[in-house]
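# Analysis of the macromolecular model
For reference, the chains in residue letters:
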Amino acid sequence: MTSTARSVDEGIDAPYALSHLDALESEAVHIFREVAGEFERPVILFSGGKDSMLMLHLALKAFAPAPVPFSLLHVDTGHNFPEVLEFRDRTVERYGLRLHVASVQEYIDAGTLRERPDGTRNPLQIVPLTERIQSERFDAVFGGGRRDEEKARAKERVFSLRDEFSQWDPRRQRPELWQLYNGRHAPGEHVRVFPLSNWTELDVWQYIARERIDLPEIYFAHEREVFNRKGMWLTAGGWGGPKDGESVEKRSVRYRTVGDMSCTGAVDSDAATLDAVIAEIATARLTERGATRADDKLSEAAMEDRKREGYF
Amino acid sequence: MTTATEQFAEQLSATTLLRFATAGSVDDGKSTLVGRLLHDSKSVLTDQLEAVEHASRTRGKDAPDLALLTDGLRAEREQGITIDVAYRYFATGRRRFILADTPGHVQYTRNMVTGASTAELAVVLVDARNGVVEQTRRHAAVAALLRVPHVVLAVNKMDLVDYAEPVFASIATEFIAYAESLGVPEVTAIPISALVGDNVVEPSAHMDWYGGPTVLEHLETVPVSHDLADCPARLPVQYVIRPQSAEHPDYRGYAGQIASGVLRVGDAVTVLPSGRTSTVEAIDALGQGVSVAWAPQSVTVRLSDDIDVSRGDLIAPTASAPDVTRDVEATVCHVADRPLTVGQRVLLKHTTRTVKAIVKDIPSRLTLADLSQHPEPGELVANDIGRVVVRTAEPLALDAYADSRRTGSFLLIDPADGTTLTAGMAGTAFAENAQHAAEAAAGAPDDEGWDF
């Protein structure tokens, strides 16, 4: 937690201007505090990835010097990167937080969920997530989704009402005016809250650099054994790759997003530091999800369909 | 040693943020303008463009349809219409932009009011061949009603009127006069061709007679912080921070986002609605003690006296504290599909305070195109603009919306299921002479079958 609220030395807006990072930070903190003031049992979706680390950092700032008044929830697909899981647990311990883990593997082992033919477990997260929200009676669930990620997300509200099945109905969204967030919901319903709605990938990285937020090392360039599937570099591992005909090679790569190993691709990169990552993103010609998420390539409305069914 | 990368990063992090909204229908070329801003500022990445090109081909179009960049929902793409407000993000070396792109047809008023509510600037598009039409007057009225500080009139399709200066000048003169009569403080008129790219990002080679900025240049240089020193400070309390830890046994901080003005350590303040007074002892700006903070910073304020303060209270300078009232008169935009009726019991959400309220009267409904009043409509339905009188169960520290967008605005909510019914703006809607000017301007009706 270093400096904040530096004024911008730009003639037209001096002296009372905020840098865009300060403006986004202030907006996100406002959202966290609104939820703390209006909900009974909020929880932060927390994977240990960069967006959830950013959310946690903002929540820590919002309530300092008091502790964060929320617990954390992770849906573990069973195919998460082990480095990231370790990082997740270290972070939870460091800040003395409570972490709930909903496990896709347990559902598969119990026969409640069935593995998909394509091997991706992303869509399988919906049921464990929803059932944990119901059983813990979480009424506000913070997600790290950003509107710049995907065009269905660009249409979702900051406070997004979900029914008891976690479903999103884009045609029944409440208009969201000024900074007045309406979080009223019926028993059994909950509200998904997206404090990073207005951030872009570049904003996230710039802010991480400014605030020196710790991240799992796989976000930075490193040598890794990968194989190519449909144009994406996937990590070899017990989740089911490589298959016959797919050959493993060693490359310098990094991850732009961190999710299920079966559908999260690495990108070729030599960016080993935060500054190098920022420079790389500023000149990138592919979006974060386009470069790294196989599940979004399924159809034009893949994300919308998953959200309607209760996805993040 | 500073590397080139670090300099680049520093330059990027020093930019300010501008929120703006676009208004206009597909026919005016709004999607083309938005697409061009995104495309020419290199904010559309290869995979997005490939997806648009693929989708355009599937729909039998030769050129990429840039509207498909913003139409995010299946129903929108299938019907070829924009249903909902879409937020778009792009950046230049000078500024970061958040664009609220509002649809031209479906639920038009509701969506534009939503987009304009957080906008510092609104771009109103007109077709150079048609000039100022009824729809243009509606757009100007929404921008004026929502008190958007800066308005850009983009006179589009100049290529179709031979880039003729008199065409532009006559449209600009008419619009500026109308907007000013509504109380819009600043209008910048720019002749463009979104299709060809004239004056959107690059200056036009076809309009030597125009010496002003391109649309993007204007967006990059318009001031985003305005007269903060002249607005009284307002801090709605969101949350009381009390660690009660060994390290901080007596810490008691009032957390909130400064809604307007500038707050300083040492300011004499009044807490509303209780009326208790104290002095600002310290301001914590997210981990850093500061002596001064301003809107829209999120801060935690400590007071020198141990007085009762909780969520929903407003901290304001004693010298310029707002009046406290239970009777609210406001202009509203009705946003729900079910109507608002006289006698209805509602919840009123104002800053961080939500109170019970009852709709005492709906004195008039307003036609946006000519601002004519229709007295005692009995109810307001979706997309209606009207005047309402509300009585609240508890006192509110309410500013006039004209003085403070943040502390003069409120929502009416259905207590039964939480539906957002109505967006309210306290006080007088437009400048005094607005209705007269609007009626004069609307002399020649050009009804396009749009009914509000």
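Conventions used here
- Residues numbered from 1 in each chain as written.
- Chains lettered and ligands numbered in written order.
- Predicted model: local features only at pLDDT ≥ 70, side-chain atom pairs only at ≥ 80, totals over all residues.
- Pairing = 2+ DSSP bridges.
- Helix = DSSP H or I, 4+ residues; strand = E, 2+ residues; numbered from the N terminus.
- pLDDT = per-residue confidence, 0-100.
- Contact = placed C-beta atoms within 7 Å.
- Domains from an automatic or database assignment.
- Nonpolar A, V, L, I, M, F, W, Y, C, P; charged D, E, K, R; others polar.
- Axes fitted to C-alpha atoms, helices over the stretch in contact; angles between N-to-C directions.
- Expected span 1.5 Å × (residues − 1).
- Buried ≥ 20, exposed ≤ 12 C-beta atoms within 10 Å, placed from the backbone.
- Parallel < 35°, antiparallel > 145°, perpendicular 65-115°, else oblique.
- Core = buried A, V, L, I, M, F, W, Y, C linked by C-beta atoms within 7 Å.

Moving on to the pairing of strand 7 (residues 222–229) of chain A. Residue and element names in this part refer to chain A. Pairing geometry for strand 7 and strand 9 (residues 248–255), over six bridges, is antiparallel. The residue of strand 9 that forms the bridge with H222 is V253. As defined by bridge partners, strand 7 adjoins strand 8 (residues 232–235) across four bridges and the pair is classed as antiparallel. Bridging across to strand 8, V226 finds its partner in T235. Between strand 7 and strand 8, which pair antiparallel in sequence order, lie two residues; one of them, K230, sits at a positive phi of approximately 50 degrees.

Next up on the list: the pairing of strand 17 (residues 324–334) of chain B. Every regular strand shows the same layout, with side chains that alternate between the two sheet faces. All names here are of chain B. For strand 17 and strand 23 (residues 385–397), the ladder comprises nine bridges, and the chain directions are antiparallel. Looking across to strand 23, one finds that C333 is bridged to I385. The pairing of strand 17 with strand 25 (residues 420–426) spans five bridges and is antiparallel. When the bridges of strand 25 are listed, A330 appears paired with A426.

With that settled, the discussion passes to the confidence of the model for chain B. As a note on interpretation, predicted positions should not be read in detail where pLDDT is low. Residue and element names in this part refer to chain B. For chain B, the average pLDDT comes to 86, and 84% of its residues sit at 70 or higher. Every residue in residues 1–9 scores below 50 in pLDDT, and together they form 10 contacts with partners more than four places removed in sequence or on other chains. In this model, residues 444–452 is a region of pLDDT below 50 whose contacts with residues beyond four sequence positions or in other chains number 11 contacts. For this predicted complex, the interface confidence comes out at an ipTM of 0.90, alongside a pTM of 0.89.

Residues and elements named next belong to chain B. As assigned here, chain B comprises domain 1 (15–221), domain 2 (233–320) and domain 3 (324–437). Residue-level contacts link 17 residues of domain 1 with 20 residues of domain 3. Taken together, the elements giving at least two residues each to the side of domain 1 that touches domain 3 come down to helix 5 (108–117), helix 6 (134–145) and helix 7 (165–182). Its residues assigned to classes, the side of domain 1 that touches domain 3 shows eight nonpolar, four polar and five charged.

Residues and elements named next belong to chain A. One open sheet holds the six strands; their spatial order is 3-2-1-4-6-5, and the pairing between them is mixed. The open sheet has two edge strands with one neighbour each: strand 3 (99–103) and strand 5 (159–162). Sheet twist, expressed as the mean angle between neighbouring strand axes with direction ignored, is 30 degrees. Taken together, the three bridges between strand 4 (residues 140–142) and strand 6 (residues 190–193) define a ladder with parallel strand orientation. Its bridge partner being in strand 6, A140 is matched across the sheet by V191. Taken strand by strand, helix 5 (residues 126–136) contacts strand 2 (71–76), strand 3, strand 4 and strand 6, and its axis lies near 135 degrees from that of strand 3.

Time to look at helix 1 (residues 20–38) of chain A. What sets the pattern is the α-helix's 3.6 residues per turn: residues three or four places apart point alike. With 19 residues, helix 1 of chain A should reach 27 Å at 1.5 Å per residue; the first-to-last C-alpha distance of 27 Å fits that figure. Most of helix 1 of chain A is tucked away, with 18 of its 19 residues classed as buried.

What follows concerns unusual backbone geometry. The peptide bond linking L272 of chain B to P273 of chain B adopts the cis configuration, its omega dihedral lying at 10 degrees. For P273 of chain B, the position within the fold is in the loop between strand 11 (268–272) and strand 12 (276–284). The step from A295 of chain B to P296 of chain B runs through a cis peptide bond, and the omega angle for that step is 0 degrees. Residue placement: P296 of chain B occurs in the loop between strand 14 (292–294) and strand 15 (298–303). You will see that W178 of chain A, though not glycine, has its phi angle at about 50 degrees, which is positive.

Residues and elements named next belong to chain A. At a minimum axis separation of 9 Å, helix 1 and helix 2 (residues 50–63) run at an interaxial angle of 75 degrees. Relative to helix 2, the element helix 1 is oriented roughly perpendicular. In contact with E25, A28, V29, F32 and R33 of helix 1, helix 2 contributes L58, A59, K61 and A62. Each residue belonging to the contact of helix 1 with helix 2 can be placed in one class, and the counts come to six nonpolar, no polar and three charged.

Residue and element names in this part refer to chain A. Mapped onto the fold, K230 is located in the loop between strand 7 and strand 8. Note on K230: 8 C-beta atoms within 10 Å, which makes it exposed. With 168 residues separating them in the primary sequence, K230 and A62 have C-alpha atoms 42 Å apart.

What follows concerns helix 6 (residues 201–211) of chain A. Residue and element names in this part refer to chain A. Among the 11 residues in helix 6, nine count as buried, and that is most of the element. All of the buried residues in helix 6 are E201, L202, D203, V204, W205, Q206, Y207, I208 and R210. Downstream of helix 6 by a residue or two, R212 has a phi angle that is positive, lying close to 55 degrees.

With that settled, consider the nonpolar core. A122, V124 and A143 of chain B are the most contacted members of the largest nonpolar core, which has 191 residues in total. Element by element, the count of residues in this core is highest for helix 1 of chain A, at nine residues. Residue contacts for A122 of chain B: discarding those within four places in its chain leaves F20, A21, A23, A116, A143, V148 and V151 of chain B. Counting 14 residues, the second-largest nonpolar core is a separate cluster that includes A221, V253, Y255 and A266 of chain A.

This part takes up the environment of N198 of chain A. Residue and element names in this part refer to chain A. Take N198: it is sitting in the loop between strand 6 and helix 6. Residue N198 is classed as buried on the basis of its C-beta count, with 23 C-beta atoms lying within 10 Å. As a C-alpha pair, N198 and R224 span 26 residues in sequence and 33 Å in three-dimensional space.

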